[in-house]
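Summary of the model geometry
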Amino acid sequence: MAKKNKDEFEYQGRSAAKWKEHAQESAGNFDRFVRDGVNRFTPKEGNNRLRILPPYWKDAEDWAYNIFIHYGVGPDEQSYLCPKEMKDEECPVCEEQTRLNRAGETEDAKAMKASKRFGCWVIDRKAEDEGPQFWSMPFTIWREANISAEDEDGAIREFDHPTKGFDLLFKKEGTGLHTKYLGIKLATKKGPVSVDVEDQKQWLGYVKKNKVPDILKFYDANHIEAVFGGTKSSDDDEDLDDKPKGKKKKGKKKKGKKGKKGNGTERLAKSAKKGKKSKKKKKGNGEEIPF
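Along each chain, the written sequence defines residue order, and numbers are assigned to residues from 1. Totals for whole chains, interfaces and linings use all residues, but because this is a predicted model, local features are given only for residues with pLDDT of at least 70 and pairs of side-chain atoms are given and counted only at 80 or more. Computation of side-chain values covers all heavy atoms of the structure but excludes hydrogens and water.

Another aspect to go through is the packing of aromatic side chains. Stacked, tilted and edge-to-face are the three classes assigned to paired rings of Phe, Tyr and Trp, where Trp is represented by its six-membered ring and a pair needs centres within 6.5 Å; plane angles under 30 degrees give stacked, over 60 edge-to-face, the rest tilted. Within this structure, the stated rule accounts for 11 aromatic pairs. The interplanar angle of 90 degrees and the centroid separation of 5.3 Å between the aromatic rings of Y80 and Y219 together place this pair among those described as edge-to-face. Here Y80, found in strand β3 (residues 78-81), pairs with Y219, found in the loop between α7 (212-215) and α8 (221-228); they are 139 residues apart in sequence, far enough to count as distant. Note on accessibility: Y80 and Y219 belong to one class, buried. Relative to W142, the ring of F139 lies with its centre 5.8 Å away and its plane at 35 degrees, an arrangement referred to as tilted. Separated by three residues within a single helix, F139 and W142 lie in helix α5 (residues 139-148), roughly one turn from each other. Working rule: Lys NZ or Arg CZ, within 6 Å of ring centre, within 35 degrees of ring normal, means a charge sits over the ring. K87 extends its terminal NZ or CZ atom over the ring of F218, reaching a point 4.7 Å from the ring centre. Directly above the ring of F166 sits R157, whose terminal nitrogen or CZ lies 5.2 Å from the centroid. Runs of E in the DSSP output that reach at least two residues are strands. Runs of H or I that reach at least four are helices, and both are numbered from the N terminus. Exposure categories follow from relative accessible area, calculated using a 1.4 Å probe and restricted to protein chains: below 20% of the type maximum is buried, above 50% is exposed, and the middle band is partly exposed.

Now the structure itself:
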């Protein structure tokens, strides 16, 4: 038996699950409205085929969980769950929206309104190796899926049923504000989440352990206001060693008793207009707004 060279490198492999987990981590410079490690689904251009996984949170009255998201917040156009709509707490973005409405700037105000989405776990039939993926589903698909659930005789097809459900089919065209979802319907044949018993057990076990309400990530009003006002961005901690030396631009200090009025409000308004102009592009973190 050949002796092992002392200088020979011994490679320690990692599981595929670990590789995928690290790929979903945020670097700290971009905020996510779901917990790190959560794999997120983005519809592909062309035909999509998904299986909606059942809800496991307490007293679930729908297969999806209602969420409200502010898109395009701050210079980096980040996304945040609305604390006002979801937790009845202070929301700087909603406050600025109210101010703009009162000032007659209705178009800017409309761009800042929290978008209603429907959070659910899905299996992408074209990428089943990815396992369960979280999707903040647009209203259009949620509504059409519910309409499709009723057959011609008025009976309801429970498409999220784990053993006798139906796949959801649709076609995506365009990007950003020009995205369209066409041909939204249920597959004609029912069946289990997976024909592989072990895969189904693993997938359902994962979503049961990671209920949608539990994976959502909220930020307090101070954090959102700092990002919205431009005083906190991805440049604060990204690749500091690679940046050229020189004077660093700083955000203006807020004025006023509580730091929420005065110049701070003007800066929020400017940020809102800037975000509106860039909605047709991808967000600063490379993630496309899922309309």
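Moving on: α8. The buried count for α8 comes to seven of eight residues, which makes it a mostly enclosed element. Among the residues of α8, A221, H223, I224, E225, A226, V227 and F228 are the ones counted as buried.

This brings us to the nonpolar core. With 21 residues, the main nonpolar core has I52, W63, W135, M137, I141, F159 and L168 as its most contacted residues. Elements with a contribution of two residues or more to this core: β1 (46-52), β4 (115-124), β5 (133-137), α5, β6 (168-173) and β7 (180-186). Any two residues having at least one pair of non-hydrogen atoms within 4.5 Å are treated as being in contact. Leaving out residues up to four positions away in the same chain, L168 has contacts with N48, R49, L50, I52, M137, I141, A145, I184, K185 and L186. Nonpolar cores are built from buried Ala, Val, Leu, Ile, Met, Phe, Trp, Tyr and Cys residues. Side-chain atoms within 4.5 Å join them into one set. Ranked by size, the runner-up nonpolar core spans 19 residues in total, among them V34, W57, V193 and I215.

Attention shifts here to the confidence of the model for the chain. For every residue, the predictor states its confidence as a pLDDT score lying anywhere from 0 to 100. Residues of the chain with pLDDT of at least 70 account for 69%, and the chain-wide mean is 80. Per-element confidence in the chain ranges from a low mean pLDDT of 47 for helix α9 (residues 263-277) to a high of 98 for β1. Predicted confidence for residues 233-265 stays below pLDDT 50, and this span has 27 contacts to residues more than four positions away or in other chains. Counted against residues more than four places away or in other chains, residues 274-288, with its pLDDT under 50, gives 33 contacts.

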